[in-house]
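# Analysis of the macromolecular model
Next come the chains, spelled out residue by residue.
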Amino acid sequence: MADEDRLLPIANVGRLMKQILPSNAKISKEAKQTVQECATEFISFVTCEASDKCHRENRKTVNGDDIWWALSTLGLDNYADAVGRYLHKYREAERERAENNKSSNDSGNEREPNITSGYSRVLEKGSSSSAR
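All residue numbers here refer to positions counted from 1 along the written sequence of the relevant chain. Local features are withheld for residues below a pLDDT of 70 in this predicted model, meaning they are given only at 70 or higher, and side-chain atom pairs are given and counted only at 80 or more; totals for whole chains, interfaces and linings count all residues. Note that the side-chain values use all heavy atoms of the structure and ignore hydrogens as well as water.

The name that an unreviewed UniProt entry assigns to the protein chain is Transcription factor CBF/NF-Y/archaeal histone domain-containing protein, with the source organism given as Brassica campestris.

Moving on, we come to the overall build of the protein chain. Put simply, DSSP marks the helices as runs of H or I at least four residues long and the strands as runs of E at least two long, and each gets a number from the N terminus on. Assigned secondary structure in the protein chain consists of five helices and two strands. Ordered by position from N to C terminus, the α and β elements of the protein chain give α-α-α-α-α-β-β. Whether a residue is buried, partly exposed or exposed follows from its accessible area with a 1.4 Å probe, protein chains only, as a fraction of its type maximum: under 20%, in between, or over 50%, in that order. Considering the protein chain as a whole, with its 132 residues, one finds that 15% of them fall into the buried category. At a minimum sequence separation of 6, the contacts of the protein chain that also span at least 24 residues come to 24%. Contacts: residue pairs with any heavy atoms within 4.5 Å of one another.

Let's shift gears to unusual backbone geometry. Most peptide bonds are trans, and most residues other than glycine sit at a negative phi. Positive phi, normally seen in glycine, also occurs at N58, with a value near 55°. Along the chain, the position of N58 falls in the loop between α3 (29-56) and α4 (64-73). Accessibility expressed as a relative area gives 74% for N58, which makes it exposed.

In this analysis an axis means a line fitted to C-alpha atoms, helices contributing only their contacting stretch, and an angle means the value between N-to-C directions, from 0 to 180 degrees. Packing of helix α2 (residues 10-20) against α3 leaves a shortest axis separation of 9 Å and a crossing angle of 105°. When the interaxial angle is binned, α2 and α3 end up roughly perpendicular. Here I10, V13, G14 and M17 of α2 come into contact with α3, specifically with A31, K32, Q33, V35 and Q36. In this count, Pro and Cys sit with the nonpolar residues alongside Ala, Val, Leu, Ile, Met, Phe, Trp and Tyr, while Asp, Glu, Lys and Arg are called charged and the others, Gly among them, polar. Class assignment of the residues belonging to the contact of α2 with α3 gives a composition of five nonpolar, three polar and one charged. Here roughly perpendicular refers to angles of 65 to 115 degrees, roughly parallel to angles under 35, roughly antiparallel to angles over 145, and oblique to all remaining angles.

Let's shift gears to the packing of aromatic side chains. Two rings from Phe, Tyr or Trp (for Trp, the six-membered ring) form a pair when their centres sit within 6.5 Å of each other. Planes less than 30 degrees apart are called stacked, planes more than 60 degrees apart edge-to-face, and all others tilted. Counted by the stated rule, this structure contains two aromatic pairs. Arranged with centres 5.3 Å apart and planes meeting at 50°, the rings of F42 and Y79 form a pair that is tilted. Pair noted here: F42 is in helix α3 and Y79 is in helix α5 (residues 77-105), with a separation of 37 residues, a long-range link. Looking at F42, the relative accessible area reads 31%, which means it is partly exposed. By relative accessible area, Y79 is classed as partly exposed at 49%. Judged by centre distance (6.0 Å) and plane angle (20°), the ring pair of Y86 and Y90 falls under stacked. Here the residue Y86 and the residue Y90 both occupy positions in helix α5, the gap between them amounting to four residues, near one helical turn. On the basis of relative accessibility, which here comes to 42%, the residue Y90 falls in the partly exposed class. Geometry around W69 places K53 over its ring, the cationic atom sitting 5.6 Å from the centre. The criterion for a charge sitting over a ring is simple: Lys NZ or Arg CZ within 6 Å of the ring centre, and within 35 degrees of the ring normal.

Right, let's talk about the pattern of salt bridges for a bit. By definition, a salt bridge exists where a carboxyl oxygen of Asp or Glu is found within 4 Å of a side-chain nitrogen of Lys or Arg. Summed over all chains, the structure comprises six salt bridges. In this structure, K53 and E57 form a salt bridge, with 3.1 Å as the shortest nitrogen-oxygen distance. Given a relative accessible area of 14%, K53 falls into the buried group. Salt-bridge contacts for R97 lead to E94; the nearest nitrogen and oxygen are separated by 2.9 Å. Remark: E94 and R97 occur in helix α5; sequence separation between them is three residues, near one turn of the helix. For R97, a relative accessible area of 45% corresponds to the partly exposed category. Looking at E94, the relative accessible area reads 28%, which means it is partly exposed.

Structural data, given as structure tokens:
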């Protein structure tokens, strides 16, 4: 696999670097490439640890908890703490979104996308459609 295929896109790395630096700061190509390689290696390192855990547990999907576990196991506690906080907030937001969707679907004639066919259908309150 070619380096450019395994590395994070250099434009994205440069954009992230620019967000942190003062607006008049310049970033050399060498600096972008160095951060690109380091960030890619970091992600690979953590993901490999999480993937090994999943493999030992006979699972195929790496999830957020696996990344959190890998960061903790690798002694990267500051990152693990940040990921733990993010996961908590993400799950809270997802729970609220699901509750809001459920309450709006229960409140009358709402349109809901039919994922299997790509068409929309009108849901009537109290209907028991087998397509749900």
